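Here's the letter readout for the chains.
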Amino acid sequence: MPELPEVQAVASYINDAAKGKKIKSVKTFRKDLRFKIPPALKKIKDQKLNVCDRYGKAMFMHIGKHAIVSHLGMTGQWTYRKQQKPEKHEHIIIYFTNNHELVYKDPRRFGYVDYIQKEKIDNYIIKKISGMDPTKSNYNLKDFKVLIESKKTPVKAFLLNQKYIAGVGNIYASEILYKAKVHPERLCNDLSNEEIKLIYKWTKKILEDAIKLGGTTIRDFYVHDKTKGNYKTRLKVYDRQGKKCASCTAEVLKIVQSGRATYFCDSCQI
Ligand SMILES: [Zn+2]
């Protein structure tokens with residue numbers, strides 16, 4: 001599932017490939033993805049696709065006074081290419097005047113799109129996402145500390161909750177806690193000041209490092225077509241159960257927390 005660095009890789013790809021291109025028309029091949037596709041999406045025709053930016057795991061493609069909001073869900077993918085016959089699982093196609101197209105493909109359809117006024121983006125972020133994005137200027141230790149100290153949930157669940165921290169998913173949550181040397185089952189309100197500082201620091205650092213490498217491709221995430229993210233080689237615990245820990249002689253363990261796999265080193269993370 002794409003997390004913040006992977007979504008950033010997609011946004012950068014859309015900027016490189018399609019920014020400034022004039023839209024001829026848009027076609028949708030079904031009425032809904034995870035939610036209904038807004039019919040107002042048709043209004044983007046005859047306008048230019050401007051910048052594509054991101055907050056947490058949500059992308060905003062700016063078009064005139066509006067923006068298409070795109071959440072990739074599990075398997076959502078945007079591809080810019082020469083116009084061709086649509087393939088299976090391709091649900092939205094934006095046609096440009098240069099005979100190219102931007103295609104949204106999503107086999108599992110957990111992704112969705114919204115169409116909102118640009119001036120309402122901030123409000124959308126507050127209402128629908130609300131968590132701090134660790135790569136943005138609103139991410140600060142003071143608010144992070146107040147928030148995490150007030151929660152009685154395991155710290156892994158805290159990191160995954162988009163209402164608290166926007167953009168962290170299952171891969172990076174395990175990596176952050178490994179670097180911070182905090183056991184994933186520890187309760188938030190039981191963490192020391194020093195541990196909170198380390199979790200705060202590594203959350204930002206790991207996401208930024210992963211952005212630099214274009215994200216992580218484990219199974220089915222591709223920036224587009226077959227382009228993979230390269231952070232996989234940096235992973236210390238995720239998907240490495242049974243292998244030796246990078247810092248000690250213990251083996252990386254795998255447990256299930258709230259239905260999601262968690263990877264950690266029982267001897268380094270206390
Ligand atoms: Zn270890």
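Just so we're clear, the structure is a prediction, and the values are computed from it rather than from any experiment. (Residues numbered from 1 in each chain as written. Predicted model: local features only at pLDDT ≥ 70, side-chain atom pairs only at ≥ 80, totals over all residues. Heavy atoms only, no water.)

## Quick word on the sheet that holds strand β8 (residues 112-117)
Strand order in this open sheet of 4 strands is β2-β3-β4-β8, and the pairing throughout is antiparallel. At either end of the open sheet lies a strand with only one pairing partner, and these are β2 (49-55) and β8. Sheet twist, expressed as the mean angle between neighbouring strand axes with direction ignored, is 25 degrees. Examined bridge by bridge, strand β3 (residues 58-63) and strand β4 (residues 66-71) share 6 bridges and lie antiparallel to one another. Residue pairing across strands places His-62 opposite Ala-67, the latter belonging to β4. Each of β2 and β3 touches helix α1 (residues 4-18); the most contacted strand, β2, lies at about 170 degrees to it. Where helix α2 (residues 121-129) meets the sheet, it contacts β2, β3, β4 and β8, and its direction lies at approximately 140 degrees from that of β8. (Pairing = 2+ DSSP bridges. Helix = DSSP H or I, 4+ residues; strand = E, 2+ residues; numbered from the N terminus. Axes fitted to C-alpha atoms, helices over the stretch in contact; angles between N-to-C directions. Contact = heavy atoms within 4.5 Å.)

## Let's talk about the sheet that holds strand β7 (residues 100-105)
Read from one edge to the other, the open sheet built from 4 strands follows the order β1-β6-β7-β5, with strand pairing classed as antiparallel. The outermost strands of the open sheet, each flanked by one partner alone, are β1 (23-28) and β5 (77-82). Sheet twist, expressed as the average angle between the axes of neighbouring strands with direction ignored, equals 20 degrees. Note that β5 and β7 share 6 bridges and pair antiparallel. Bridge pairing in β7 links Gln-77 to Lys-105.

## Structural notes on unusual backbone geometry
Here Asn-99, not a glycine, exhibits a phi torsion of approximately 65 degrees, which is positive. Along the chain, Asn-99 falls in the loop between β6 (90-96) and β7.

## Overview of the domain arrangement of the protein chain
For the protein chain, the assigned domains read domain 1 (4-129) and domain 2 (141-264). One C-alpha centre belongs to domain 1, the other to domain 2; they are set 28 Å apart. Counting from both sides, the interface comprises 15 residues of domain 1 and, opposite them, 19 residues of domain 2. Buried surface at the junction of domain 1 and domain 2, both sides included, amounts to about 1,400 Å², of which 66% is carbon and sulfur. (Domains from an automatic or database assignment. Buried area = accessible area lost by both parts, 1.4 Å probe.)

## A word on the coordination of the zinc ion
With distances of 2.2 to 2.4 Å, the protein atoms coordinating the zinc ion are Cys-245 (SG), Cys-248 (SG), Cys-265 (SG) and Cys-268 (SG). Considering all 4 donor atoms around the zinc ion, the spread of angles at the metal, 102 to 113 degrees, places the coordination shape in the tetrahedral class. Binding-site remark: the zinc ion is held by donors from one chain whose sequence spacing is C-x2-C-x16-C-x2-C. The pair formed by Cys-245 and Cys-248 is uniform in burial state, with each residue classed as buried. (Donors = N, O, S within 2.8 Å, 3.2 Å for Na, K, Ca; no water. Tetrahedral: all angles 85-135°; square planar, octahedral: opposite > 155°, others 65-115°. Buried < 20%, exposed > 50% of the residue type's maximum accessible area, 1.4 Å probe, protein only.)

## With respect to the packing of helix α3 (residues 141-149) against helix α6 (residues 193-212)
Following both chains from N to C, one finds α3 and α6 inclined at 120 degrees, their axes separated by 10 Å at the closest point. Viewed along their axes, α3 and α6 adopt a mutual orientation that is oblique. The chirality of how α3 crosses α6 is right-handed. Each of Leu-141, Phe-144, Lys-145, Ile-148 and Glu-149 in α3 lies in contact with α6, whose residues at this interface are Asn-193, Ile-196, Lys-197, Ile-199 and Tyr-200. Tallied by class, the residues present in the contact of α3 with α6 amount to 6 nonpolar, 1 polar and 3 charged. (Parallel < 35°, antiparallel > 145°, perpendicular 65-115°, else oblique. Left-handed = near helix turned anticlockwise from the far one by under 90°. Nonpolar A, V, L, I, M, F, W, Y, C, P; charged D, E, K, R; others polar.)

## Quick word on the side chain of His-183
Tracing the chain through its elements places His-183 in the loop between α5 (170-180) and α6. If sequence neighbours within four positions are ignored, His-183 has contacts with Val-155, Phe-264, Asp-266, Gln-269 and Ile-270.

## Notes on the packing of α5 against α6
The contact between α5 and α6 brings their axes to 9 Å, and the two run at 130 degrees. In this view, α5 runs oblique relative to α6, as classed from their interaxial angle. Considering how the two elements wind past one another, α5 and α6 form a crossing that is right-handed. The segment α5 lies against α6, with Tyr-172, Glu-175, Ile-176, Leu-177, Lys-179 and Ala-180 engaging Leu-198, Ile-199, Trp-202, Thr-203, Ile-206, Leu-207 and Ala-210.

## Some remarks on the nonpolar core
One broad trend across soluble globular proteins is that nonpolar side chains are buried collectively. Grouped together as the largest cluster of nonpolar side chains are 40 residues, with contacts concentrated most on Phe-144, Tyr-172 and Ile-199. When residues of this core are traced back to their parent elements, those giving at least two are α3, α4 (155-160), α5, α6 and β10 (260-264). Once residues within four sequence positions are removed from consideration, Ile-199 is found in contact with Tyr-139, Phe-144, Val-155, Leu-159, Ile-176, Leu-177, Ala-180, Val-182 and Leu-191. Of all hydrophobic cores here, the second largest spans 29 residues; its members include Met-59, Ile-68, Ile-94 and Phe-96. (Core = buried A, V, L, I, M, F, W, Y, C linked by side-chain atoms within 4.5 Å.)

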